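Chains, contacts and geometry: an overview
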Amino acid sequence: MTNSSNSMFVMKCGGSTLAELPTSFFEDLAKLQEQGVQPVIVHGGGPAISDNLTKLGIETKFVNGLRYTSEAVLDVVEMTLSGSINKKIVRLIQQAGGKALGLSGVDGQLITAKPVAAHAEVGLVGDVESVNKTLIQGIATLGYIPVIAPVGVDATGGRYNINADTAAGAVASALGVQQMIVVTDVPGILKNVNGEKRVLSTVTVQQIEDMIDTGEIYGGMIPKVRAAIACISGQVKQVVIVDGSVPNILGKVLSGESIGTTITRMG
């Protein structure tokens, strides 16, 4: 198996999507791996984190789509993302016949991080400083799908909660892959057209900025599209936002079928 950028793609799986993904999704991943295509997965786990925080009596608060993260919240974030969610994805891939290896951004200093600019408002939320692409490529060369939980670490060992979309964009940029696929529970970026919500098949960075300004893109979708913009500023040519429940969705995207919303650098 090769780990060149031509055969490798980064997939981000939203936490709200994970529980709803059909078994066939993971079977498709295993088939792609058999065919010599190398997926790299970065996952979220928002709903599970919120559930665990509620069980422990810890308040959940969001600021501009980012979870406010205290030390207590970060303990739960790491336990949930690096523990139960990460291992569930690995199990599902392996049950479907694939090979996967789960790790977080802390392992091998895979993701080094620094506080976000708005850390006073959001707490221990991090921006990605660097990605250890050699580690990811090494795991791929061994024949495994890397499954990465977005918890980062700094030079002093301090931990940071990193938005999964931001982490996936940074991993894609570091690997220089051709394509990043964002698997969500929506069919793509929606726009109101004559009172109807329609999926935009393609959209440029400037159009995204305009839609954020007008409020057509809001809340949790903002980090998704911001991560896409950051990602395609490097070697990545495009980012595709798709609904994970669509049969053979990954194969369709990789074969060039027009599905979901494709974000491009320019029109």
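Everything numeric in this text was worked out from a predicted model, so none of it was measured. (Residues numbered from 1 in each chain as written. Predicted model: local features only at pLDDT ≥ 70, side-chain atom pairs only at ≥ 80, totals over all residues. Heavy atoms only, no water.)

Some details on the UniProt feature "site: Transition state stabilizer" (unreviewed entry) in the protein chain
The residues that UniProt annotates with the feature "site: Transition state stabilizer" (unreviewed entry) are Lys-12 and Lys-224. These residues run over 213 residues, yet every pair of their C-alpha atoms falls within 9.7 Å of each other. Residue position: Lys-12 is located in strand 1 (residues 8-13). Setting aside residues up to four positions removed in sequence, Lys-12 forms contacts with Val-42, Ala-164, Asp-165, Ala-168, Ile-181, Val-182, Val-183 and Lys-224. Separated by 3.2 Å, the side chains of Lys-12 and Asp-165 make a polar contact. Classification of Lys-224 as buried rests on a relative accessible area of 17%. When residues no more than four places from it in sequence are discounted, the contact partners of Lys-224 are Lys-12, Asp-165, Val-182 and Thr-184. (UniProt positions renumbered as here; feature names shortened; annotations may be inferred. Helix = DSSP H or I, 4+ residues; strand = E, 2+ residues; numbered from the N terminus. Contact = heavy atoms within 4.5 Å. Polar contact = N/O pair within 3.5 Å; in protein donor to acceptor, adjacent residues only side chain to side chain. Buried < 20%, exposed > 50% of the residue type's maximum accessible area, 1.4 Å probe, protein only.)

Let's talk about helix 3 (residues 46-55)
Looking at helix 3, one finds that the buried residues are Ile-49, Ser-50, Asn-52 and Leu-53. The buried residues of helix 3 all sit within an arc of 165 degrees when viewed along its axis, so they share a single face. In this structure, helix 3 carries Thr-54 and Lys-55 as exposed residues pointing more than 90 degrees from its buried face. Buried residues belonging to helix 3 abut strand 4 (66-67) and helix 4 (71-95). The first or second residue beyond helix 3 is Gly-57, which carries a positive phi of 75 degrees. (Arc of directions from axis to C-beta.)

Here we look at the environment of Gly-157
Within the secondary structure, Gly-157 sits in the loop between strand 9 (151-153) and strand 10 (159-161). When the C-alpha atoms of Gly-157 and Ser-16 are compared, they prove to be 29 Å apart, with 141 residues separating the residues in sequence.

Overview of the pairing of strand 13 (residues 196-199)
Where strand 12 (residues 190-193) lies against strand 13, 4 bridges are found, and the strand directions are antiparallel. Counted as the bridge partner of Val-193 is Glu-196 from strand 13. Linking two consecutive strands that pair antiparallel, namely strand 12 and strand 13, is a turn of 2 residues; a positive phi of about 50 degrees is found at Asn-194 within it. (Pairing = 2+ DSSP bridges.)

Some remarks on the nonpolar core
Among the nonpolar cores identified, the biggest contains 43 residues, and Val-10, Ile-189, Val-225 and Ile-263 are the most heavily contacted of them. If you tally residues by element for this core, the top one is helix 7 (residues 164-175), at 6 residues. In contact with Val-10, other than residues within four places in its own chain, are Val-40, Val-42, Ala-168, Val-171, Ala-172, Leu-175, Val-177, Gln-179, Met-180 and Ile-181. (Core = buried A, V, L, I, M, F, W, Y, C linked by side-chain atoms within 4.5 Å.)

Considerations on the packing of helix 3 against helix 4
Between helix 3 and helix 4, whose axes approach to 9 Å, the crossing angle comes to 130 degrees. In terms of their interaxial angle, helix 3 and helix 4 are classed as oblique. For helix 3 against helix 4, the interelement crossing comes out right-handed. Residues Ala-48, Ile-49, Asn-52 and Leu-53 of helix 3 lie in contact with helix 4, whose contacting residues are Val-73, Val-76, Val-77, Met-79, Thr-80, Leu-81 and Ile-85. (Axes fitted to C-alpha atoms, helices over the stretch in contact; angles between N-to-C directions. Parallel < 35°, antiparallel > 145°, perpendicular 65-115°, else oblique. Left-handed = near helix turned anticlockwise from the far one by under 90°.)

Observations concerning the sheet that holds strand 2 (residues 38-43)
Strand pairing in a sheet relies on backbone hydrogen bonds. The paired strands run either parallel or antiparallel. Read from one edge to the other, the open sheet built from 8 strands follows the order 5-8-2-1-11-15-16-14, with strand pairing classed as mixed. Strands with a single pairing partner mark the edges of an open sheet, and in this sheet they are strand 5 (100-104) and strand 14 (202-204). Each adjacent strand pair in this sheet contributes to an overall mean axis angle of 20 degrees, direction not counted. Taken together, the 3 bridges between strand 14 and strand 16 (residues 261-264) define a ladder with parallel strand orientation. Residue pairing across strands places Val-203 opposite Ile-263, the latter belonging to strand 16. With respect to the sheet, helix 4 is in contact with strand 2, strand 5 and strand 8 (145-149), its orientation differing from that of strand 5 by roughly 170 degrees. The sheet strands contacting helix 9 (residues 221-231) are strand 1, strand 11 (179-184), strand 15 (238-243) and strand 16, and the helix crosses strand 15 at an angle near 150 degrees.

Notes on the side chain of Ser-104
Mapped onto the fold, Ser-104 is located in strand 5. Judged by relative accessible area, which is 5%, Ser-104 ranks as buried. If near-sequence neighbours (up to four positions away) are discounted, Ser-104 is found in contact with Ser-82, Leu-110, Ala-149 and Val-151.

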